[in-house]
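Here is how the chains run, residue by residue.
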Amino acid sequence: MPNENRYVIDPESAAEFARLLKQERLFTTAMGGLLPEQPMQFRHVLDLACGPGGWALDLAQQAPGADVVGIDISQVMIEYANAQAVVSQLSNAHFEVGDITEGLPFADGSFDLVNARYIVGFMRRDAWPELLKECLRVLEPGGTIRLTEMETAETNAHSYETLNGLLSQAMYRRGMAFSEVRLGATAMLRHFLQQAGCEHIQEHPSLINYSYGAESHQEQYQNNAIIFKLTRPFILKFGLINPEDYDKWYELALKEMRSEDFCAVSFMNTAWGMKPTSASLSYP
Ligand SMILES: C[S@@+](CC[C@H](N)C(=O)[O-])C[C@H]1O[C@@H](n2cnc3c(N)ncnc32)[C@H](O)[C@@H]1O
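Residues numbered from 1 in each chain as written. Predicted model: local features only at pLDDT ≥ 70, side-chain atom pairs only at ≥ 80, totals over all residues. Heavy atoms only, no water.

Novice: Kindly report on the overall build of the protein chain, identifying the contributing residues and their values.
Specialist: What the protein chain contains, in helices and strands, is nine helices and eight strands. The C-alpha radius of gyration of the protein chain comes to 19 Å, within 12% of the 19 Å expected for a compact globule of 284 residues. With the C-alpha coordinates aligned to their principal axes, the bounding extent of the protein chain is approximately 60 × 45 × 40 Å. The buried share among the 284 residues of the protein chain stands at 52%. Within the protein chain, contacts between residues separated by at least 24 positions form 79% of all contacts whose residues are at least 6 apart in sequence. Accessible area for the protein chain stands at about 13000 Å²; split by element, carbon and sulfur atoms hold 53% of it. (Helix = DSSP H or I, 4+ residues; strand = E, 2+ residues; numbered from the N terminus. Rg over C-alpha atoms; globule rule 2.2 N^0.38 Å. Buried < 20%, exposed > 50% of the residue type's maximum accessible area, 1.4 Å probe, protein only. Contact = heavy atoms within 4.5 Å. Areas by Shrake-Rupley, 256 points an atom, 1.4 Å probe, with all protein chains shown as cover.)

Below, the structure written as C-alpha cells:
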C-alpha cells in the first residue's frame, strides 16, 4: 500500500501553489542564486519536490546545455511547470508527477546532480536514508546530491514563535521534524550524506532577515500568514491547542509581525556531497 502523503499542506491547494510561486524566488534570492556554491558543470539535473518548478525552470534557462527534470506529487504544480517550460521555449526542462518517498522513477546513473530543497514538510524522519539511497542510485559516479533545508525562525515575537513551536511539535509527533521545538533538519543534512556514503561533503549557510523594514519583510509576512492558515488543520489534528486559541495566536502573530520592532532571521543550510567514483571505492 502506498504511504499516506504527509505534506503539512494540501499540495493541490491553489493557495499553496500561489504561495510556492513566491517562496521559491524568495529562497533562491536569499541563497544567492540557483547554485551559488557550485561550478555550473551539470548536464543532467533532477529537482526533487520541485513545486511549481521555479528553480528548475530558471536553471534550464541559465544552462541551456543541461537537461533539467523536476518531480513533485502535485498535479497542479507539475501542469503549471510543464506549461511554463513550453511558453518559455525551454525544451530542456521536463516535469512529472511522482511521490519521491516511493522510489525515484528514473534509471540508475541518469543524473549528475540531484537537488532537493525544503522537503522536511513531508519527509518522515526515518525515510531520509532510503531517499538518499535512491538519489545515489539515480546519480552517475561522481555526481552530486545537494540538499537545502530551512530552520524555524529566530524572532522577538512571542506569538509568532508560539505558532512556529506548535507546527514543529505537530510535525515531530507526525514523525517528521527532528525536534519538538524546531524543525531540526538543517542539522541532519551532513549526517544523511555521510550515512549514505557520499564523499567531499560540504555545507553552505544562508540567511533571510525579514525584520520590519527589511527587503523581504512584506513577502515573508504574507508567506507566513498563508502558511499558518494552511497548516491550521494539520496543527489542530494533534490536539495541542483548541481552534479558538489558535486563531487568537494567529491574529496576534500577524500583528506582531507588522509591528515596527519585529525582528526575525531564518537560517538555511545547503549541504552537498558526491557519489563515490569506482576509482575511489576500495575493494577488499
Ligand atoms: C515546501 S515545497 C518546496 C518546493 C521547492 N522544492 C522549493 O524549494 O521551492 C514542498 C513541495 O513538496 C511537494 N511534495 C509533498 N509531498 C511530496 C512527495 N511525497 N513527493 C514529492 N513531492 C512532494 C509539494 O507538492 C511541494 O511542492
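Novice: I'd love a proper account of the site of the ligand, names of residues and values included.
Specialist: Around the ligand lies a shell of 18 residues, among which A49, D72, D99, I100 and R117 are the nearest. In the environment of the ligand, a nitrogen atom lies 3.2 Å from a nitrogen or oxygen atom belonging to the backbone of I73. At 2.8 Å, a side-chain N or O of D99 approaches a nitrogen atom of the ligand. Look at the ligand: alone it shows 590 Å² of surface, and the protein chains cover 98% of it. Of the pockets mapped on this structure, the ligand occupies the largest cavity. The class makeup of the residues in the shell around the ligand is ten nonpolar, four polar and four charged. (Near = heavy atom within 4 Å. Polar contact = N/O pair within 3.5 Å; in protein donor to acceptor, adjacent residues only side chain to side chain. 1 Å grid on protein atoms, 1.4 Å probe; cavity = no way out; pocket = protein on both sides within 12 Å on 5 of 7 lines; lining within 4 Å. Sits in = over half its atoms within 2 Å of the grid points. Nonpolar A, V, L, I, M, F, W, Y, C, P; charged D, E, K, R; others polar.)

Novice: Quick one: what's the story with empty space enclosed by the protein, residue by residue and with numbers?
Specialist: In this structure the tally under the stated criterion is one cavity of 30 Å³ or more. The space that makes up the largest cavity amounts to roughly 790 Å³. Here the residues of the lining of the largest cavity are counted per class, giving 28 nonpolar, 15 polar and seven charged. (Points joined across faces, edges and corners; volume = space filled by probe spheres on them.)

Novice: Go over the pairing of strand 8 (residues 264-274) with me, naming the residues and quoting the values.
Specialist: Counting buried residues in strand 8 gives eight out of eleven residues, a clear majority hidden from the surface. Examined bridge by bridge, strand 5 (residues 139-150) and strand 8 share seven bridges and lie antiparallel to one another. Residue pairing for strand 8: M150 is matched across the bridge by M268. Examined bridge by bridge, strand 7 (residues 199-209) and strand 8 share nine bridges and lie antiparallel to one another. Note that in strand 8 the partner of I208 across the bridge is S266. (Pairing = 2+ DSSP bridges.)

Novice: Kindly report on the nonpolar core, identifying the contributing residues and their values.
Specialist: One finds L46, L48, L104, I145, Y160 and M171 to be the most contacted residues of the largest nonpolar core, which totals 65 residues. Setting aside its immediate chain neighbours within four residues, I145 contacts V114, L132, C135, L136, L139, L193, C198, A271, W272 and G273. Of all hydrophobic cores here, the second largest spans 18 residues; its members include L34, F42, A56 and A81. (Core = buried A, V, L, I, M, F, W, Y, C linked by side-chain atoms within 4.5 Å.)

Novice: Lay out the pairing of strand 5 in plain terms, naming residues and giving numbers.
Specialist: Most of strand 5 sits out of view: nine of its twelve residues are buried. Sheet topology note: the strand 4 (residues 111-117)/strand 5 ladder contains six bridges and is parallel. When the sheet's bridge partners are listed, A116 is paired in strand 5 with L147. For the crossover from strand 4 across helix 4 (residues 128-138) to strand 5, the handedness is right-handed. (Right-handed = clockwise from strand over helix to strand, strands pointing away.)

Novice: So, the pattern of salt bridges: which residues are in play, and what are the values?
Specialist: A full pass over the atoms with the stated rule returns ten salt bridges. Of the charged contacts in the structure, one is a salt bridge between E37 and R146, with a shortest N-O distance of 2.5 Å. Here R146 lies in strand 5 and E37 lies in the loop between helix 1 (14-30) and strand 1 (44-48), a separation of 109 residues in the sequence. According to the relative accessible area criterion, E37 is buried, its value standing at 18%. Sharing partners across several salt bridges, the network here consists of D108, E134 and R137. (Salt bridge = Lys/Arg side-chain N within 4 Å of Asp/Glu carboxyl O.)

Limitation: the analysis is restricted to geometry and does not speak to function.
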